[in-house]
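An overview of the molecular structure
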Amino acid sequence: MDFSSARKSMVEYQLQARGIQDADVLRVMGKVPRHLFLPEELWNYAYEDHPLSIGWGQTISQPYMVAIMTELLNVRPSDKVLEVGTGSGYQTAILAELAHYVVSIERIKELAEGAEQRLKDLGYSNIKVICGDGSLGYPKEAPYDAIIVTAGSPEVPDSLKKQLNEGGRLVIPVGGTNLQVLLKIIKKKDDYLIEKHTSCIFVPLIGSEGWKRMADN
Ligand code: SAH
């Protein structure tokens, strides 16, 4: 399979055709080898228009969802970014291409370790992967210019809002376990601006400021 032309078609037909306009987002999604974030038996599906299983009941997000969230985040080259829900590390790589430094937290140890190794092998040196409960953020390195949560939360965790820089952006799916709406929260002095975007379906954010416990966890 020609992964580079599959990636080009993904950018053209799944992202640009649906209104993703940010040239930097389109460029990095055309560059990062998404198949390498999946087990080899799934490589042929890596550039298709849906999420895929990465084990432990978790998924790598649909390419369009990665693009829209990254576009909403407005990442700048000098930014420090926090990602909650490392999973495969694909979104982490996209962020690392655009930002100065990325901290990414994953609660499942095997996924955190796998992503850390993969990102290192791909040559990224501006990423720190932590294993822990990201619903509490990562205060040690706060404040952040941008925070992205790639798991669905019942509400916006207070800890994440508090770890935003002045003008900082938080993009997070909020709602029930079966359907959420993508929110963008912008910190303005002592106030927060809230924008509602598309509806979406993410695996649950499990933690102190997310879902407390799931039936199968
Ligand atoms: N961005 C990832 C998406 C992975 S799915 C990718 O594209 O591959 C969401 C991830 O969030 C899962 O791996 C899940 O284990 C993780 N997660 C859920 N609750 C979490 C929490 N409180 N802290 C950190 N990670 C969490």
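A brief structural summary. Because the structure is predicted, anything quoted here is derived from the model rather than measured.

The ligand sits among 26 residues. The nearest are Ser-88, Glu-106, Asp-133, Gly-134 and Ile-206. At 3.5 Å from a nitrogen atom of the ligand is found a main-chain nitrogen or oxygen belonging to Gly-132. For the ligand, a nitrogen atom lies 2.8 Å from a polar atom in the backbone of Gly-134. With the chains in place, 100% of the 580 Å² that the ligand exposes on its own is no longer accessible. It is strand 2 (residues 58-60) that provides the largest number of residues to the shell around the ligand, a total of 3 residues. Across the shell around the ligand, the residue classes tally to 10 nonpolar, 12 polar and 4 charged.

In this chain, Ala-142 is followed by Pro-143 through a cis amide linkage whose omega measures 0 degrees. As for its placement among the helices and strands, Pro-143 is situated in the loop between strand 5 (127-131) and strand 6 (144-149). In the Ramachandran plot, Trp-56 falls in the positive-phi region, its phi being about 55 degrees despite a non-glycine side chain. Relative to the assigned elements, Trp-56 resides in the loop between strand 1 (52-55) and strand 2. Its identity is not glycine, yet Asn-74 carries a phi of approximately 50 degrees, on the positive side. Locating Asn-74 in the fold gives a position in the loop between helix 3 (63-73) and strand 3 (80-84). Look at Asn-74 and you get partly exposed, because its relative accessible area is 34%.

Applying the stated criterion to the full structure yields 3 aromatic pairs. On the numbers, 6.0 Å between centres and 85 degrees between planes, the contact of Phe-3 with Trp-43 is edge-to-face. Here Trp-43 lies in the loop between helix 2 (23-29) and strand 1 and Phe-3 lies in helix 1 (residues 3-15), a separation of 40 residues in the sequence. Looking at Phe-3, the relative accessible area reads 16%, which means it is buried. Measuring from ring centre to ring centre gives 6.3 Å for Phe-3 and Tyr-47, while their planes differ by 50 degrees; the resulting arrangement is tilted. Of the two residues, Phe-3 is situated in helix 1 and Tyr-47 in the loop between helix 2 and strand 1; the sequence distance between them amounts to 44 residues. For the pair Phe-3 and Tyr-47, one class covers both residues: buried.

Next up on the list: the nonpolar core. Ranked by size, the top nonpolar core spans 50 residues in total, and within it Leu-15, Ile-20, Met-29, Met-69, Tyr-90 and Leu-182 carry the most contacts. Of all the secondary structure elements, the ones that give two or more residues to this core are helix 1, helix 2, strand 1, helix 3, helix 4 (90-98), helix 5 (109-121), strand 5 and strand 6. Contacts of Tyr-90, omitting those with residues within four sequence positions, involve Met-10, Met-29, Val-32, Arg-34, Phe-37, Ile-60 and Val-66. Val-103, Ile-105, Val-174 and Leu-205 belong to the second-largest nonpolar core, a separate cluster that totals 18 residues.

Here we take up the side chain of Lys-187. Residue placement: Lys-187 occurs in strand 8 (residues 180-188). The buried charged residue Lys-187 lacks any salt bridge, with Glu-166 as its nearest oppositely charged partner at 5.4 Å. Residues within four places of Lys-187 in sequence aside, it is in contact with Lys-161, Leu-164, Asn-165, Glu-166, Gly-167, Gly-168 and Tyr-192.

Here we come to helix 4. The element helix 4 is extensively covered by neighbouring structure, given that 8 of its 9 residues are classed as buried. Residues of helix 4 that are buried include every one of Tyr-90, Gln-91, Thr-92, Ala-93, Ile-94, Leu-95, Ala-96 and Leu-98, and no others.

Spatial strand order, 5-4-3-6-7-8-9: 7 strands in an open sheet with mixed pairing. Of all the strands in the sheet, the pair left with one neighbour each is strand 5 and strand 9 (191-200). Ignoring which end each strand starts from, the neighbouring axes of this sheet average 15 degrees apart. Two strands pair when backbone bridges link them, and strand 3 and strand 4 (residues 101-106) are joined in this way by 5 bridges, in the parallel orientation.

Parameters and conventions
- Residues numbered from 1 in each chain as written.
- Predicted model: local features only at pLDDT ≥ 70, side-chain atom pairs only at ≥ 80, totals over all residues.
- Heavy atoms only, no water.
- Near = heavy atom within 4 Å.
- Polar contact = N/O pair within 3.5 Å; in protein donor to acceptor, adjacent residues only side chain to side chain.
- Areas by Shrake-Rupley, 256 points an atom, 1.4 Å probe, with all protein chains shown as cover.
- Helix = DSSP H or I, 4+ residues; strand = E, 2+ residues; numbered from the N terminus.
- Nonpolar A, V, L, I, M, F, W, Y, C, P; charged D, E, K, R; others polar.
- Buried < 20%, exposed > 50% of the residue type's maximum accessible area, 1.4 Å probe, protein only.
- Phe/Tyr/Trp six-rings, centres within 6.5 Å; stacked < 30°, edge-to-face > 60°.
- Core = buried A, V, L, I, M, F, W, Y, C linked by side-chain atoms within 4.5 Å.
- Contact = heavy atoms within 4.5 Å.
- Lys, Arg positive; Asp, Glu negative; His and termini not counted.
- Salt bridge = Lys/Arg side-chain N within 4 Å of Asp/Glu carboxyl O.
- Pairing = 2+ DSSP bridges.
- Axes fitted to C-alpha atoms, helices over the stretch in contact; angles between N-to-C directions.

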